[in-house]
Amino acid sequence: MTDLNAELRTFYKARQQQIPAGTREIMQRAVRELAVSGQVDRALTCGANAPLFQLPSATGESVALEDLLAHGPVVLTFYRGAWCPYCNIALRALQQHHTDITARGARLVAVSPQIPDESLTLTEKHGLAFDVLSDLGSDTAKRYGLAFDLPDDLAAVYDRLGFDLQRVNDGHPRTLPLPATYVISRDGTIRWAFVDADYTTRAEPADIVAALDALGETR
């Protein structure tokens with residue numbers, strides 16, 4: 001297991017000790033059920049055309065995939081939101097590899113269903129140098145085959161934990177994306193993909209960089 005996922009597993013083990021057994025079982029069961037639901041198999045993967053999108057950034061600018069691809073390959077990562085500690089760890093790891101990604105002529109963008117204000121807070125907190133985009137209603141995540149609805153018991157757990165997804169997801173509290181990362185070539189084709197039903201597992205930044213090297217595209 002490489003660096004990011006090793007950090008995630010360490011955090012997960014410590015986190016489990018802080019969560020009541022009943023709540024822990026609800027969370028673990030939701031992951032198991034999502035894994036066997038076929039959702040991962042419905043997600044886009046290598047060889048597919050990446051659906052185009054135009055989404056607002058944390059600073060209110062409109063960012064279009066078509067415009068990004070005009071300048072080079074794109075690393076597109078989907079995450080659940082700033083309320084998710086695993087997402088925060090993953091985004092910090094991507095920031096640490098941001099120079100490696102841009103040195104290969106690529107643009108990194110992160111997408112979640114949260115409102116721009118939440119994205120701005122996240123960007124400032126972690127000093128993110130890449131665009132963090134708001135996919136309100138998860139329409140883009142749906143087009144990539146990543147969107148799913150939380151089961152009732154897990155949604156209730158998140159409410160009790162104070163995540164307030166009703167507010168941060170602008171009235172769409174139940175729909176989230178699978179953790180996913182894509183490397184998209186300039187012609188709009190997905191050349192590398194990572195998709196997992198387990199929100200505690202993420203794409204390794206080193207694997208993303210290796211995928212860009214295999215792509216061989218530069219500015």
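The present account deals with the structure reproduced in this document.

Cut-offs used in this document
Residues numbered from 1 in each chain as written. Predicted model: local features only at pLDDT ≥ 70, side-chain atom pairs only at ≥ 80, totals over all residues. Heavy atoms only, no water. Helix = DSSP H or I, 4+ residues; strand = E, 2+ residues; numbered from the N terminus. Expected span 1.5 Å × (residues − 1). Buried < 20%, exposed > 50% of the residue type's maximum accessible area, 1.4 Å probe, protein only. Arc of directions from axis to C-beta. Contact = heavy atoms within 4.5 Å. Pairing = 2+ DSSP bridges. Axes fitted to C-alpha atoms, helices over the stretch in contact; angles between N-to-C directions. Core = buried A, V, L, I, M, F, W, Y, C linked by side-chain atoms within 4.5 Å.

Our next topic: helix α2 (residues 21-35). Three- or four-residue spacings in an α-helix give side chains the same orientation, since the helix completes a turn every 3.6 residues. Taking 1.5 Å per residue, 15 residues should reach 21 Å; α2 reaches 21 Å between its end C-alpha atoms and fits that length. Among all positions of α2, only Thr23, Ile26, Met27, Ala30, Val31 and Leu34 are buried. Each buried residue of α2 sits inside an arc of 130 degrees when the element is viewed along its axis, so together they form one side. Of the surrounding elements, those touching the buried residues of α2 are α3 (39-42), β6 (147-149) and α9 (152-160).

All right, on to the sheet that holds strand β4 (residues 107-112) then. The five strands are arranged β5-β4-β3-β8-β9 in an open sheet whose pairing can be described as mixed. Here the strands that pair on one side only, and so sit at the sheet edges, are β5 (131-134) and β9 (190-195). Strand-to-strand, the axes of this sheet are offset by a mean angle of 20 degrees, without reference to chain direction. Strand direction decides the pairing type here: strand β3 (residues 74-78) and strand β8 (residues 180-184), joined by five bridges, are antiparallel. When the bridges of β8 are listed, Val74 appears paired with Ile184.

Moving on, we get to the nonpolar core. Judged by nonpolar contacts, the single largest core of 71 residues is most densely connected at Leu76, Phe78, Tyr144, Leu146, Tyr158, Tyr182 and Ile184. When residues in this core are grouped by element, the largest group, seven residues, is from helix α5 (residues 85-96).

These figures capture arrangement, not role.
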